Amino acid sequence: MMRSMYSAVSGLKTHQTKMDVIGNNIANVNTVAFKSSSVTFQDMLYQNTSGASGANAATGVGGVNAKQIGLGVTTGAVNISITSAGAAETTGRAFDLRMTDQSTTNFFIVNNGSSNLFTRSGSFYVDGAGNLCMTSTGYTVMGWQVDKATGNIRKDTVSALRVMSTENLTSAPEATSEATCGGIIDKNDTDVLSDDGLIKNLKFYDNLGYEYTARFSIKSTGTDGEFTVELLNVLDGDGNTYYDPENIQAGQPALNALFGNTEDATKSYTLGKDYTYVSANVIVDKSGNYYQYNATTHNYDQVNSATDMTVVTVGALSLTQVYGAGADILAKADAYTGNGTGYAVDGTTGALTLTYNSVYHRLSFSTDDGTFSKVGNVADAKSVGLNMSLFGGQFANINVDFSTCQNTNNGGKSTVTMSKGATDGTTGAGKKLGNLIGLSVSNNGEIYGTYDNGNRNLLGQIAVAQFANAAGLEKVGENCYSTTLNSGEFDGIGVDITADGSKMTSGELEMSNVDLSTEFTQMITTQRGFQANSRVITTSDTLLEELVNLKR
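What counts and how
Residues numbered from 1 in each chain as written. Predicted model: local features only at pLDDT ≥ 70, side-chain atom pairs only at ≥ 80, totals over all residues. Heavy atoms only, no water. Pairing = 2+ DSSP bridges. Helix = DSSP H or I, 4+ residues; strand = E, 2+ residues; numbered from the N terminus. Axes fitted to C-alpha atoms, helices over the stretch in contact; angles between N-to-C directions. Buried < 20%, exposed > 50% of the residue type's maximum accessible area, 1.4 Å probe, protein only. Contact = heavy atoms within 4.5 Å. Phe/Tyr/Trp six-rings, centres within 6.5 Å; stacked < 30°, edge-to-face > 60°. Lys NZ or Arg CZ within 6 Å of the ring centre and 35° of its normal. Arc of directions from axis to C-beta. Expected span 1.5 Å × (residues − 1). Core = buried A, V, L, I, M, F, W, Y, C linked by side-chain atoms within 4.5 Å. 1 Å grid on protein atoms, 1.4 Å probe; cavity = no way out; pocket = protein on both sides within 12 Å on 5 of 7 lines; lining within 4 Å. Points joined across faces, edges and corners; volume = space filled by probe spheres on them. Nonpolar A, V, L, I, M, F, W, Y, C, P; charged D, E, K, R; others polar.

A. Highlighting the sheet that holds strand β28 (residues 383–386). Ordered by their spatial adjacency, four strands build an open sheet running β28-β29-β14-β30, and the pairing between neighbours is mixed. With one partner strand each, in any of the chains shown, β28 and β30 (417–420) form the two edges of the open sheet. Recorded for the sheet is a direction-independent mean angle of 25° between the axes of neighbouring strands. When strand β14 (residues 178–184) meets strand β29 (residues 398–406), the two strands line up parallel, connected through six bridges. Among the inter-strand pairings, I184 is bridged to a residue of β29, identified as Q406.

So, in structure tokens, the structure goes:
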């Protein structure tokens, strides 16, 4: 009778243990990445009142089984449902990470300052020192660092991920090495026809992140489909002149080394509306005054009449007055060093042609359809170089692509523009010094920094741990686990989560995998088991009481 009482006591204790586990599961129903546990019972001991006997062939008596009386129950195991993932909870926070396992259960690796622990809770943040840490405990998240020599992840012993270190707060600038000139050049554009030409600016960077502006001029040659592109000057980021071809400083390159070829350039002008060509370089104005071109002074002298070339006034009209030619281009014609003179007046029409030395690249288009033909002196060349490296190592030579230009009628308006970068808009564009403006985590745990200069740099990678028997890990509280002899050891390096097809999802957390319906059902059966064991004790007590009452 005493045995039944003690067996029932063991039943009470064991059911109380199961109730404790159920209570812990329900308490953690909303704990991030909590893994529920379950209790397995096993019978304890047995008392043999008689052993088993075998059959006797001689007597014809059969065998008898052993007579065993059980002595109660005990907890056989407390199992963790560690391989069962919880549902996803969307948070939208970049460093809330949920792991989706493919074939192996993965764990984040965190460090408490003395040892590595393991967790499924991916609620992280960046602390004041720039380290990626658990929001609940401050334990640092462990992973792999970037090899500075290659820019790739170096997968060796895990270490704390300091994603916002001083060196990660900025991204190195890049010098511009590609540029594009594209759009419509209309031959009737007044800017293209002017002495100054159509001015276009190209902004670019050096290796230090400083911005400069190269100013170009696109001019008509007077021949259909033929234009010139000249470099006017280079300005620094403050708008001050960095390079001026008219005032080259010591140590600076010549213009024809920087951009363009030295060639004869011509510019033609027709008579102004107030003048009419008579003959033999003689013109007449609206008032009936006659003028003859002076090839020595390059002015028009006033004469008596169309037949009497007696000079009345020397230099009465300048070429600017008659043709509208600017002072700058006239000065270039004066300085012309080629064959012949820089001035020529057509004996039939009176048109003026100025020839001068110029440094430019010729821009050619098909006269059939206006499509681009070439730039420079090389057949079919699509681009020419702006050789900025001549100023020093902080610059890169810039390859300027003109292949997207067109020569078509656009109502006298040109739309051509110049921009840094190749035709794709990004390659070789160069960048200023970038400041960190955002962090993100990819599916394989790689952490990237986004910078305001457009760069996206790899800052590190979150490593994960895998174990031969994940259920053998020991819960140590704070959503963390530690290794045991039965779980398998952590090698100190970890694995890439995508090695078996698993992945991380940013902006989500893994919820608890506690199933309340299961827990409530288990609670009912546990309660009934506890009640039944308590009834065994009370019944045994009644029997003992009857036994004691026998002597009365």
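B. Region of the structure containing the sheet that holds strand β21 (residues 282–285). Taken together, five strands build an open sheet; the order of strands is β20-β21-β22-β23-β24 and the sheet is antiparallel. In this open sheet, the two edge strands, each paired with only one partner strand, are β20 (275–279) and β24 (311–317). Neighbouring strand axes in the sheet, compared pairwise and without regard to direction, differ in orientation by 35° on average. Pairing analysis gives three bridges linking β21 to strand β22 (residues 290–294), with the strands arranged antiparallel. By the bridge assignment for β22, V282 is matched with Q292.

C. Geometry of the environment of E211. The residue E211 is located in strand β16 (residues 211–220) in this model. For E211, a relative accessible area of 28% corresponds to the partly exposed category. Distance in space between the C-alpha atoms of E211 and N443 is 36 Å, their sequence separation being 232 residues. Those residues in contact with E211, other than ones at most four positions away along the chain, are K203, F204, Y205, D236 and G237.

D. Seen up close, the pairing of strand β31 (residues 434–441). Pairing of strand β13 (residues 170–171) with β31, which is carried by two bridges, proceeds in the antiparallel orientation. From the neighbouring strand, T170 faces β31, where its bridge partner is N435. Summarising the sheet, β31 and strand β32 (residues 446–451) pair through five bridges and their orientation is antiparallel. By the bridge assignment for β32, V441 is matched with I447. Counted along the chain from β31 to the antiparallel partner β32, the turn is four residues long, and its residue G445 has a positive phi close to 90°.

E. How the structure looks around the packing of aromatic side chains. Counted under the stated rule, the structure contains 18 aromatic pairs. Each ring, one from Y242 and one from F391, has its centre 5.3 Å from the other, and the planes form 55°; the classification is tilted. Separated by 149 residues along the polypeptide, Y242 in strand β18 (residues 241–243) and F391 in the loop between β28 and β29 bring together distant segments of the chain. With relative accessibility at 15%, the residue F391 sits in the buried group. On the numbers, 6.3 Å between centres and 80° between planes, the contact of F365 with F372 is edge-to-face. Members of the aromatic cluster, each reached through a chain of ring pairs, are F204, Y212, Y242, Y243, F391 and F395. The aromatic ring of F41 is capped on one face by K18, whose charged end is 5.5 Å from the ring centroid. Taking NZ or CZ as reference, R456 lies 3.9 Å from the ring centre of Y448, over its face.

F. Geometry of the environment of V375. Summarising the element assignment, V375 is placed in strand β27 (residues 372–375). Sequence separation between V375 and D43 is 332 residues; the distance between their C-alpha atoms is 94 Å. With sequence-adjacent residues up to four places away left out, V375 is seen in contact with H361, R362, L363, A381, K382, S383, V384 and F402.

G. Main features of helix α5 (residues 327–334). For α5, the set of buried residues is I329, L330 and A333. Each buried residue of α5 sits inside an arc of 105° when the element is viewed along its axis, so together they form one side. Exposed residues on α5 whose side chains face more than 90 degrees from its buried face are A327, D328 and D334. Contacts made by the buried residues of α5 are with β19 (261–269), α4 (319–323), β25 (343–345) and β26 (352–365).

H. Region of interest: helix α6 (residues 516–548). Taking 1.5 Å of rise per residue, 33 residues should cover 48 Å, and α6 covers 48 Å from first to last C-alpha, within 8% of that figure. If you check which residues of α6 are buried, you get E519, T526, G529, N533, S534, I537 and S540. Buried residues along α6 sit against α1 (2–27).

I. Examining the nonpolar core more closely. Counting 35 residues, the largest nonpolar core has F216, L231, L363, L386 and F402 as the members making the most contacts within it. Dropping the residues within four chain positions of it, L386 is found in contact with A214, F216, L231, L258, F259, N397, I398 and V400. Of all hydrophobic cores here, the second largest spans 24 residues; its members include M99, L436, L459 and M504.

J. Expanded view of unusual backbone geometry. Of note in this structure, D380 is not a glycine but carries a positive phi near 65°. For D380, a relative accessible area of 64% puts it in the exposed group. Positive phi values are uncommon outside glycine, yet N479 reaches one of about 65°. Positionally, N479 belongs in the loop between β35 (474–477) and β36 (480–482).

K. View of the layout of surface pockets. Considered as a void within the structure, the largest pocket measures approximately 710 Å³ in volume. Lining the largest pocket are 24 residues, and of these K219, E230, L232, E246 and K332 lie nearest its centre. Those elements giving two or more residues to the lining of the largest pocket turn out to be β17 (226–235), α5 and β26. What the second largest pocket holds in volume is close to 380 Å³. Taken together, 18 residues line the second largest pocket, and the ones lying closest to its centre are V146, E167, N168, L458 and L459. Of all elements in the fold, only β11 (140–146), β13 and β33 (456–462) reach the threshold of two or more residues within the lining of the second largest pocket. Ranked by residue count, the leading element in the lining of the second largest pocket is β33, at three residues. Here the lining of the second largest pocket is composed, by residue class, of six nonpolar, eight polar and four charged.

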